[in-house]
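Structure at a glance
The chain contents come next:
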Amino acid sequence: MRAMIQAAVERSRATLMAFIFLLLGGYGAYQAIPKEANPDVTIPMMYVSMGLEGISPEDAERLLVRPMEQELRTLAGIKKMSSTASEGHASVMLEFDAGFDPRRALQDVREKVDSARSKLPEEADEPVVHEINVALFPVLSVALSGPLSEAELVIIARRLKEEIEGIPEVLEVDIGGDREDVLEIVVDPQVLDSYGIDYTQLFNLVSRNNRLVAAGSLDTGAGRLAVKVPGVIEDLDDVLGLPVKVDGDRVVTFGDVASIRRDFKDPTGFARINGEPGVVLEVSKRAGANIINTIAQVKGLLEQAGPLLPEGVEVNYIMDQSLQIETMLADLLNNVLTAVVLVLVLILATMGLRSAVMVGLTIPGAFLAGILVIWSIGFTMNIIVLFSLILVAGMLVDGAIVVSELADRNLHDGQLPADAWVNAAHRMSWPVIASTATTLAVFVPLLFWPGVVGEFMKYLPATVIICLLASLAMALVFLPTMGGVSRHKPRYSRPVMVPGLELYRAVLSRLLRRPGLTLVGTLVIIGLMYAAYARFNHGVEFFPAIEPDSAQLQVRARGDLSVYEKDAILREVEQRLRGLTEVKALYARSFAMADGQMGTDVIGVLQFQFTDWHRRRPANAIKETMTELTRGIPGVVLEFREQQMGPGAGKPVELRVSGTDDGALSEATDRIRAAMQALGGFADIEDNRTLPGIEWRIRVDREAAARLGADVLSVGNAVQLVTNGLKLASYRPEDATDEVDIRVRLPQSWRSLDQFSRLTLNTSRGQVPLSHFVTLSPAPKIGTLHRVDGRRTITIQADIAEGYRLDERLAALAGRGIELPAGVGLMVAGEDADQREAAQFLTTAFGVAIFLMTLILVTQFNSLYQTALVLSAIVFSTAGVLMGLLLNGQSFGIVMVGMGIIALAGIVVNNNIVLIDTYNQLRADGLPPFEAALETGCLRLRPVLLTAITTVLGLMPMVLGVNVDLLAPSLGIGAPSTQWWTQLSSAIAGGLGFATLLTLLLTPCMLVLGAGRKRFHRRADS
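Residues numbered from 1 in each chain as written. Predicted model: local features only at pLDDT ≥ 70, side-chain atom pairs only at ≥ 80, totals over all residues. Heavy atoms only, no water.

Turning to unusual backbone geometry, a few remarks are in order. Its identity as a non-glycine residue notwithstanding, D684 has a phi of 50°, on the positive side. Relative to the helices and strands, D684 resides in strand β22 (residues 682–687). Classification of D684 by relative accessible area gives partly exposed; the value is 32%. Unlike most non-glycine residues, N862 shows phi in positive territory, near 55°. Among the structural elements, N862 can be located in the loop between α27 (830–861) and α28 (864–887). (Helix = DSSP H or I, 4+ residues; strand = E, 2+ residues; numbered from the N terminus. Buried < 20%, exposed > 50% of the residue type's maximum accessible area, 1.4 Å probe, protein only.)

Right under this line is the structure:
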């Protein structure tokens, strides 16, 4: 090791040039690295969507879901398979085991879907396999609103979509609120009856006259002539000329019997922005694109298009992730600068200007070298990487401080600068390498964290490992080189003065005389700290709660409401909440049927975009105001949902009730919900059972129909005229990106239930009323059917009321002893399952880290007692973790605090390794145990305090929730970017503060106690 350090110092110009290149390369990488909010996580989920217009939920389950499940269940690596069947649609969601290969899995799923296609009805749409990817989620939502018609807004949105998708970094743009085009042929039923039009004949005539005929070419010998048969419908005139009835030489066209218009399909919902009709452009970036640059280009394009938009059109940004990224980058820079300044001030006060400057240079050196590596391996600059850099800021200088502190002593002992720094780096190389290795051993197991949470959090250990390796090079190669060329030598060879050294020496001397009593007293204090936390703790949670930038209000109502009635209810809620100064944008959206992520009775959603966090009240206070404003609306239940950060989603409580008997499932659900209501602590309880309602069933007497020359298909065609319209064909006009359906419908005044009894069919027996063989009867409505792993399943979800804990409420619910009907199973899923999975992994990772550290420590000390002494500091430091959480008012976060304890384990052992190494050196020089322990404590007081204080100081902005901007200058308190990491920072700061006291006071006593044990054993042996 000495030869490498000596070579670096002797070739100082090359070494310093390499250092400068690292700085420049790291700065260039920082500018070039893609920046985004959340990591690009590979979610182990895919889903297959299937469609068949008009099919009932029961038939969708029987004809679409079951055949597809039968094929997909044979796939390897399936963790969970959930399916839904609703009117006209079905889907199968696949969740794979952790560590799956997304490309191979996608290929396997597509092969199974192709195999299952032959088992689906011929009329069904082609099944589509969708891959879920966080990188494809929108990064910018642009709302267009104003006093324009819906068609005008949609046309504007489509034009902007084409322009925005022309930006290279933009992947795609979806239009929220876009309506599907349709060419509607409205015809009076009496006209159809008078002409005796048969629906099957009508379909055949239209489809055969809307064909692309490949006529080929004609070679005459004198030339080659292309022949074309223009037969594809291109505009309204083509439709007007289509034949609908042929009788001898007489041909009746649509132009004779119907009115034709280009319109949208019947609305399934409405959207408004700040009370005005609107649509939303949802922009997704390409993987690896810089989110800040991408959004800046989109905004620039919209600014250029602004003067060209019709008067009254407003452009609002509902969601803009670049603002969050810019804020986090600014917070990172502020925290790094703050940490560097605090370290410089601390070292300047204790070691002088030159040492402070050189140690201070190692921080940006390690940072930029780490960023260079992060960029080169394809990472992005996201929220996890950003905090990892903040977390590691105080750890980067530990090795540099130890080396520079010893070099400072060597200089005061009269050594030349080059010799002083080379000797210091060589003497401390193995302790520094060992302490760094133990820290790395702690973080390495975290790289193998399974599941979505693991994919989300793996960026933290990877970034820490890279930066710590860079800091090792800084401490042992570049720092001695800078010190060697400084040519600085103290004027006087005076001893190094450490503030408080005399007091510490006196206290430690008294403790060393009673090491056993010191150990007992320490154990008593730790026990009291555990008892205090058990009595006054702030509960357990999975992920920390962050002050949101947005919130959502779900409006619930029951009944067979039309989409217009649902929108009227939503509009009333919207009117009451308009005008709040703390809401920047209000996005209202009503829909006929909620998607699978919401409750079945949700009729609409209000999306709030808040103003900046420092200009408004907390979200909970705004929520209380909104609750008061919306109180008293009859028949409506309102549920607030805050923006969720991290990999978790949905309500924390999720119970799955599965079985084969629908009646038993419903009964079990009622019992569980009743128990939750009686127990208390659960809020906004819901389940995904079908809502009570009525559907109308048209039953065909097949025998009577056959007798009159009719069948089920002809009846269905007649019914479609009253409902969505009978699809005759499709065409692709120049102004549309997708095919447009051509549908024939009855006028609006004829679309009612009574019309079914008046419809007639043209059969071989003439015009026959449907009422002769068709009966119309009401029946209980079947909404969406849910299946998990091939069984009918009802999912119960709930929030935890304020003042209660998830684990405690679930344990209390389990203790109620709910009796479930025979054949019904109950499984706890959701956040509780995620908590247990994360806790299990973190426990395993902690065990692996302890094993690796034990191996390194035994190699370093060749002593099981000293190894156990170092490892005991990790166990004892957990008391400090709990005190840090308690004093800062933080909950015990499974993910954040769990990672904090593991990270702390690597940090705590560093000072113990250096201290015990110094003790062993003094013992080898002949000092007795008491004097060796006392001198060790005094010699290591300054570097132990410096390394611990710098790490804690680097985390203090996060612990206190403050953001110090040294360039402005300004001070921000309670920023959301600091709230995310307060738990982890509090755990590490509290644990490290307590562990430092143990290192300086208890460890020397334990060394003396161990030496006394050895003397006792030697006497017993003799």
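And the narrative resumes.
The final tally for this structure, using the stated rule, is 4 aromatic pairs. A centroid spacing of 5.5 Å and a plane angle of 45° characterise the contact between F19 and F478, whose relative ring orientation is tilted. In this pair, F19 is assigned in helix α2 (residues 12–32) and F478 in helix α17 (residues 459–485), connecting sequence segments 459 residues apart. Seen in terms of ring centroids, F270 and Y564 are 5.6 Å apart; in terms of plane orientation they differ by 45°. Their pairing is tilted. Of this pair, F270 sits in strand β13 (residues 269–273) while Y564 sits in helix α20 (residues 563–577), placing them 294 residues apart in sequence. (Phe/Tyr/Trp six-rings, centres within 6.5 Å; stacked < 30°, edge-to-face > 60°.)

On to the pairing of strand β7 (residues 181–187), then. With respect to burial, β7 is a largely interior element, 7 of its 7 residues being buried. Taken together, the 7 bridges between β7 and strand β12 (residues 258–264) define a ladder with antiparallel strand orientation. Bridge pairing in β12 places V187 opposite A258. Looking at chain direction, β7 and strand β25 (residues 740–745) are connected through 5 bridges and run parallel. (Pairing = 2+ DSSP bridges.)

Moving on, we come to a nonpolar patch on the surface. Together, M17, I20, F21 and L24 make up an exposed nonpolar region whose accessible area comes to about 440 Å². Positionally, I20 belongs in helix α2. Its relative accessible area of 45% is what places I20 among the partly exposed residues. (Patch = residues over 30% accessible without salt bridge, like charges linked within 9 Å, V, L, I, M, F, W, Y side chains within 5 Å. Areas by Shrake-Rupley, 256 points an atom, 1.4 Å probe, with all protein chains shown as cover. Salt bridge = Lys/Arg side-chain N within 4 Å of Asp/Glu carboxyl O.)

Now for the side chain of S658. Topologically, S658 is positioned in strand β21 (residues 653–659). Given a relative accessible area of 17%, S658 falls into the buried group. Not counting residues up to four positions away in its chain, the partners in contact with S658 are L665, R791, R792, T793, G823, V824 and G825. (Contact = heavy atoms within 4.5 Å.)

This part takes up the sheet that holds strand β24 (residues 726–731). Pairing between the strands of a sheet comes from backbone hydrogen bonds, and it takes one of two forms, parallel or antiparallel. Across the sheet, 4 strands lie side by side as β12-β7-β25-β24; this open sheet has mixed pairing. Here the strands that pair on one side only, and so sit at the sheet edges, are β12 and β24. In this sheet, adjacent strand axes meet at a mean angle of 25° when their direction is disregarded. By the bridge criterion, 5 bridges tie β24 to β25 in an arrangement that is antiparallel. Counterpart to Y731 in the pairing with β25 is V740. (Axes fitted to C-alpha atoms, helices over the stretch in contact; angles between N-to-C directions.)

Before going further, it helps to spend a moment on the confidence of the model for the chain. Confidence in the prediction for the chain averages 82 pLDDT; 93% of positions are at 70 or higher. Low pLDDT, under 50, characterises residues 1016–1022; the predicted model gives this stretch 0 contacts beyond four residues in sequence or across chains. (pLDDT = per-residue confidence, 0-100.)

What follows is about the pattern of salt bridges. Under the criterion given, the structure shown has 43 salt bridges. In this structure, the salt-bridge partner of E71 is K119, at a minimum N-O distance of 2.7 Å. A residue pair is termed long-range when its members are at least 10 positions apart, and E71 in helix α3 (residues 57–72) and K119 in the loop between α4 (102–116) and β4 (128–133) qualify at 48 residues. On the basis of relative accessible area, E71 is assigned to the buried category, the value being 14%. The partner of R262 in a salt bridge is D181, with the nearest N and O atoms 4.0 Å apart. In this pair, R262 sits in strand β12 while D181 sits in strand β7, placing the two residues 81 residues apart along the sequence. The class of D181 is buried, set by a relative accessible area of 11%. Here the residues in one salt-bridge network are E61, E69, D662, R787 and R792, joined through shared partners.

If you look at the biggest cluster of nonpolar residues, it comprises 176 residues, and the most contacted ones within it are W449 and W981. Among the elements that make up this core, the one with the highest residue count is helix α29 (residues 894–924) (19 residues). Leaving out residues up to four positions away in the same chain, W981 has contacts with I383, I384, F387, L460, M896 and M958. (Core = buried A, V, L, I, M, F, W, Y, C linked by side-chain atoms within 4.5 Å.)

Burial analysis of strand β14 (residues 276–285) places 7 of its 10 residues in the buried class, which makes it a mostly covered element. With 6 bridges connecting them, strand β5 (residues 140–145) and β14 associate as antiparallel partners. Looking across to β14, one finds that A143 is bridged to V280. For strand β6 (residues 170–176) and β14, the ladder comprises 6 bridges, and the chain directions are antiparallel. Within the sheet, the bridge partner assigned to G176 lies in β14 and is V280. In this antiparallel pair of consecutive strands, β13 and β14, the connection spans 2 residues, and N274 shows a positive phi of 55°.

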